[in-house]
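Coordinate analysis (summary)
One-letter residues, chain by chain:
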Amino acid sequence: GDWGLGIGDWGLGIGDWGLGIGDWGLGIGDCGLRIADCGLRIADCGLRIADCGLRDWGIGGLGDWGIGGLGDWGIGDWGLGIAGLVGGGVETGVAIVAELLLWMDPMERPGPEAMAVDEWLLETAEQPVLRVYGWQGAWGTVGYFGKLADAGRAFPGVDWVRRWTGGGTVDHRADWTYTLVVPAGFGMDQARGVESYRQVHGALAEALVAEGVAARLSSGDEETGLAACFQNPVGHDVMGPGGKKLAGAGQRRGKRGLLHQGSVALPCDDGMSLARGRRLAGVLAQRFEVAEIFPAEDEVRRLVAARYGNPVWTERR
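In this text, all values refer to a predicted model and were calculated from it rather than measured experimentally.

**Concerning the overall build of the chain**
If you tally the helices and strands in the chain, you get eleven helices and eleven strands. Counting over 317 residues, the chain shows a buried share of 49%. Considering only residue pairs separated by 6 or more positions, the chain has 65% of its internal contacts joining residues 24 or more positions apart. In the structure as shown, the chain presents an accessible area of about 14800 Å², 55% of it carried by carbon and sulfur atoms.

As structure tokens, this is what we get:
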């Protein structure tokens, strides 16, 4: 009936399911707050509404939902275990951007260069970019307002660079580091800081859940006030079992757009890093492609000399 054809009520997004005006509507109707009338609850599914809405539910209805139900949607992703991971606080929702470039940056750089590349991306990117990268040497970063002396006492033996974004002190010797750049005009630059933070971390938590990690978003009640990022869970940070903070970030927004610099306390090898990057990109965007990006090295050197490698910048606080 309504589930079978995939072209009528489901397919083109015009009928009861399509634009979200009918039974699925704004979360008010028969299938609104619950998918009970269709057999499952959104909390139990652990999937983004985007996946259930205008993309995977559309013309591919028979494939993804019909005979293929026991595959992509059935006993696997929908049936077992996802509810316990997502129901604890991961809010599923639509993709943040329509298109995204995933750059698995193969070059490990020292801290000042790593930060300079991020600023270069913000200044030059013409579409959203997710950069995943590593570090050359033992580096930590201090937030824009952080105190360098406190960082040194907390993590001795680490070289330091000051970020252009806020947030706490991060030891990058054993983490998975990523940057999201969303240029102006792609929506997120207009969002309030707390909302863009929630959106990105919600996507990250969802990607980690797909990896098998029991991730959720913090309510903010666990905040400690400590300077070390992973010892101070703030609202919408990503949390794991036992109240352990798994991911934090700093953001900066300006006329060029949004810069989000994030760290996940779950290091992994190259193969797993690529898989995690692809999962995160797939949640952040409706469509993404893996791309090679080549920074303008002369501009990177200029930013290192003017800011990130300059003691005046690093030691300002």
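**Examining the sheet that holds strand β5 (residues 170-171)**
Strand order in this open sheet of three strands is β4-β3-β5, and the pairing throughout is mixed. Every interior strand has two partners, whereas the edge strands, β4 (159-162) and β5, have only one. Two elements, strand β3 (residues 139-142) and β5, share two bridges in a ladder whose sense is antiparallel. Its bridge partner being in β5, G140 is matched across the sheet by D171.

**A look at the environment of P241**
Structurally, P241 is set in the loop between β8 (238-239) and β9 (245-254). You can call P241 exposed: its relative accessible area is 58%.

**Considerations on helix α6 (residues 111-124)**
Relative to the 20 Å expected for 14 residues at 1.5 Å per residue, α6 spans 20 Å between its end C-alpha atoms, a close match to the ideal helical length. Within α6, eleven of the 14 residues are buried, leaving the element largely enclosed by the surrounding structure. The set of residues buried in α6 consists of G111, P112, A114, M115, A116, V117, D118, E119, W120, L121 and L122.

**Focus on the packing of aromatic side chains**
Within the structure shown, the criterion is met by six aromatic pairs. On the numbers, 5.8 Å between centres and 35° between planes, the contact of W176 with Y178 is tilted. Just as W176 is buried, Y178 falls in that class too. The interplanar angle of 80° and the centroid separation of 6.0 Å between the aromatic rings of Y308 and W313 together place this pair among those described as edge-to-face. Pairwise contacts between aromatic rings join Y144, F145, Y308 and W313 into one cluster. The side chain of R131 reaches across the aromatic face of Y133, ending 3.7 Å from its centre.

Procedures and definitions
Residues numbered from 1 in each chain as written. Predicted model: local features only at pLDDT ≥ 70, side-chain atom pairs only at ≥ 80, totals over all residues. Heavy atoms only, no water. Helix = DSSP H or I, 4+ residues; strand = E, 2+ residues; numbered from the N terminus. Buried < 20%, exposed > 50% of the residue type's maximum accessible area, 1.4 Å probe, protein only. Contact = heavy atoms within 4.5 Å. Areas by Shrake-Rupley, 256 points an atom, 1.4 Å probe, with all protein chains shown as cover. Pairing = 2+ DSSP bridges. Expected span 1.5 Å × (residues − 1). Phe/Tyr/Trp six-rings, centres within 6.5 Å; stacked < 30°, edge-to-face > 60°. Lys NZ or Arg CZ within 6 Å of the ring centre and 35° of its normal.

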